[in-house]
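# A look at the structure
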Amino acid sequence: MEKKLDFISARVDTSSSSSGRTEDSVEDELELSAVRHRPEALEQLEAQTRFSRKELQILYRGFKNECPSGVVNEDTFKEIYAQFFPQGDASTYAHFLFNAFDTDHNDSVSFEDFVMGLSILLRGTVQEKLNWAFNLYDINKDGYITKEEMFDIIKSIYDMMGKCTYPTLKEETPRQHVEIFFQKMDKNRDGVVTIDEFIDCCQNDENIMRSMQLFENVI
C-alpha cells in the first residue's frame, strides 16, 4: 500500500526518529508560513491520527514537495498517481480515490484530508478500513452502493492494472466479478448495498476479503 503512496508515505520510518533535531521543528514552522493552505498544528493531527509527530513532519515534507501550495487538485493527483501505473490507465480510479480523500467536497485535498485518510488505510482497524472502502464505492455519497457504482470502481481498477493482470482478462470479467460480489452483498435483494450489508459480507466472506486486498494494494 505504501508503495502506491510513495510520493508521500514511503519515507515514514520509525527509525528516522534518531535524526529528530530541534531545527526540524523550526524549519517546518518557517515552511508552513509560505504555503497558501496552512495545516493544523501537528499536536492536533497527532491526536486525530495514528502517526507520531515525527512521522507527520516527514509526511508533510513529502506532501509539500509535491504540492507547494499546501493543497492538491484532482489533475495533479491524477498525474502523481499515474506514475505508479504506467502500464494502464489510472485516471478514472484516481478520480474516485481523490473524491474519497476530499471529505469536505471542495475539489481539493489538503494535508489534513490526506493524512486522516492515510492513517485509516495504513493503521486503521478492519472496521475503519471497510467504512472507508464503502465511502469509495458509494460514488454519489447517498449512503448506498449500486451495482453500477461497484462496476465503475472495479472496472477502473482493472483499467489501471492494465498488463499487470494475469491471466489476460476478458472484457466481461469485471462485470462478472461485480455480479458475484453484489449478489452476496445485497442480502435483501433491494438493488442496493447498505454499509451494514457491505461490512457484514466483507467480514464473513473470505473470498471477498481477499478481493478487498486488491483494493488495498492499489491505494
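Criteria and cut-off values
Residue positions are given per chain, counting from 1 as you read along its sequence in written order. For this predicted model, a pLDDT threshold of at least 70 governs which residues receive local features, and a threshold of 80 or more governs which side-chain atom pairs are given and counted, while totals over whole chains, interfaces and linings are taken from all residues. Water and hydrogen atoms were dropped before computing side-chain values, which therefore reflect all heavy atoms in the structure. UniProt positions are given in the numbering used here, feature names are shortened, and annotations may be inferred rather than shown by experiment. The helix count covers DSSP runs of H or I at least four residues long, the strand count covers runs of E at least two residues long, and both are numbered beginning at the N terminus. Burial here depends on accessible area, computed with a 1.4 Å probe over protein chains only, as a share of the maximum for the residue type. Under 20% is buried, over 50% is exposed, and the range in between is partly exposed. Whether two residues touch is decided by their heavy atoms; if any such pair falls within 4.5 Å, the residues are in contact. Here an axis means a line fitted to C-alpha atoms, over the contact stretch when the element is a helix, while the angle between two N-to-C directions is reported on a 0 to 180 degree scale. Roughly parallel means an angle under 35 degrees; roughly antiparallel means over 145; roughly perpendicular covers 65 to 115; every other angle is labelled oblique. Two helices cross in a left-handed way if the nearer one is turned anticlockwise from the farther one by less than a right angle. They cross in a right-handed way if the turn is clockwise. The residue classification treats Ala, Val, Leu, Ile, Met, Phe, Trp, Tyr, Cys and Pro as nonpolar and Asp, Glu, Lys and Arg as charged. All others, Gly included, are polar. Any N or O atom pair separated by 3.5 Å or less is treated as a polar contact, with the protein-specific requirement of one donor-capable and one acceptor-capable atom, and with residues adjacent in sequence counted only for side-chain atom pairs. Two aromatic rings, drawn from Phe, Tyr or Trp (for Trp, its six-membered ring), form a pair once their centres lie within 6.5 Å of each other, and the interplanar angle then sorts them: stacked below 30 degrees, edge-to-face above 60, tilted otherwise.

As annotated in an unreviewed UniProt entry, the protein chain carries the name Kv channel-interacting protein 4 and comes from Cyprinus carpio. Per UniProt, the protein chain carries the Sequence similarities (unreviewed entry) text "Belongs to the recoverin family."

To continue, consider the environment of cysteine 202. Assignment of secondary structure puts cysteine 202 in helix α11 (residues 195-204). Residue cysteine 202 is classed as buried on the basis of its relative accessible area of 0%. C-alpha separation for the pair cysteine 202 and methionine 185, spaced 17 residues apart in sequence, amounts to 8.2 Å.

Attention now goes to the UniProt feature "domain: EF-hand" (unreviewed entry) in the protein chain. In the numbering adopted here, UniProt assigns the feature "domain: EF-hand" (unreviewed entry) to residues 89-124, 125-160 and 173-208. A distance of 28 Å separates the end C-alpha atoms of residues 89-124, which is 67% helix and 6% strand. For the annotated span residues 173-208, helix accounts for 72% and strand for 6% of the residues, and the straight-line distance between the end C-alpha atoms is 16 Å.

This paragraph deals with the environment of aspartate 152. Structurally, aspartate 152 is set in helix α9 (residues 147-161). In this structure the C-alpha to C-alpha distance between aspartate 152 and tyrosine 93, which are 59 residues apart in sequence, comes to 8.8 Å. Discounting chain neighbours no more than four positions away, the residues touching aspartate 152 are Phe96 and Ile139.

As a further point, take the packing of helix α6 (residues 91-101) against α9. One can describe the packing of α6 onto α9 by two numbers: an axis separation of 7 Å at closest approach and a directional angle of 130°. Between α6 and α9, the angle falls in the class oblique. α6 and α9 meet at a crossing whose hand is left-handed. Residues Thr92, Tyr93 and Phe96 of α6 lie in contact with α9, whose contacting residues are Asp152, Ile153, Ser156, Ile157 and Met160. Here the residues of the contact of α6 with α9 are counted per class, giving 5 nonpolar, 2 polar and 1 charged.

Next up on the list: the side chain of threonine 49. Considering the arrangement of structural elements, one finds threonine 49 in the loop between α3 (42-48) and α4 (53-66). A polar atom in the side chain of threonine 49 sits 3.3 Å from the backbone nitrogen of phenylalanine 51. Once residues within four sequence positions are removed from consideration, threonine 49 is found in contact with Leu56, Val115, Met116 and Ser119.

Moving on to the environment of serine 69. Mapped onto the elements, serine 69 comes out in the loop between α4 and β1 (71-72). A sequence separation of 41 residues divides serine 69 from serine 110, and the C-alpha atoms of the two residues are 9.5 Å apart. Separated by 3.1 Å, the side chain of serine 69 and the backbone oxygen of valine 71 make a polar contact.

Let us now look at the packing of aromatic side chains. By the definition in use, this model includes 12 aromatic pairs. Pairing tyrosine 81 with tyrosine 93 gives two aromatic rings, centres 6.2 Å apart and planes at 40°, and the pair type is tilted. Of this pair, tyrosine 81 sits in helix α5 (residues 74-82) while tyrosine 93 sits in helix α6; the two residues are 12 residues apart in sequence, bridging distant segments of the chain. A relative accessible area of 1% places tyrosine 81 in the buried class. Judged by relative accessible area, tyrosine 93 falls into the buried class, the value being 0%. Look at phenylalanine 101 and tryptophan 132: their rings are 5.3 Å apart centre to centre, the planes differ by 65°, and that puts the pair in the edge-to-face class. One end of the pair, phenylalanine 101, is in helix α6; the other, tryptophan 132, is in helix α8 (residues 126-137), and 31 residues separate them in sequence. Take phenylalanine 101 and tryptophan 132: they sit in the same class, and that class is buried.

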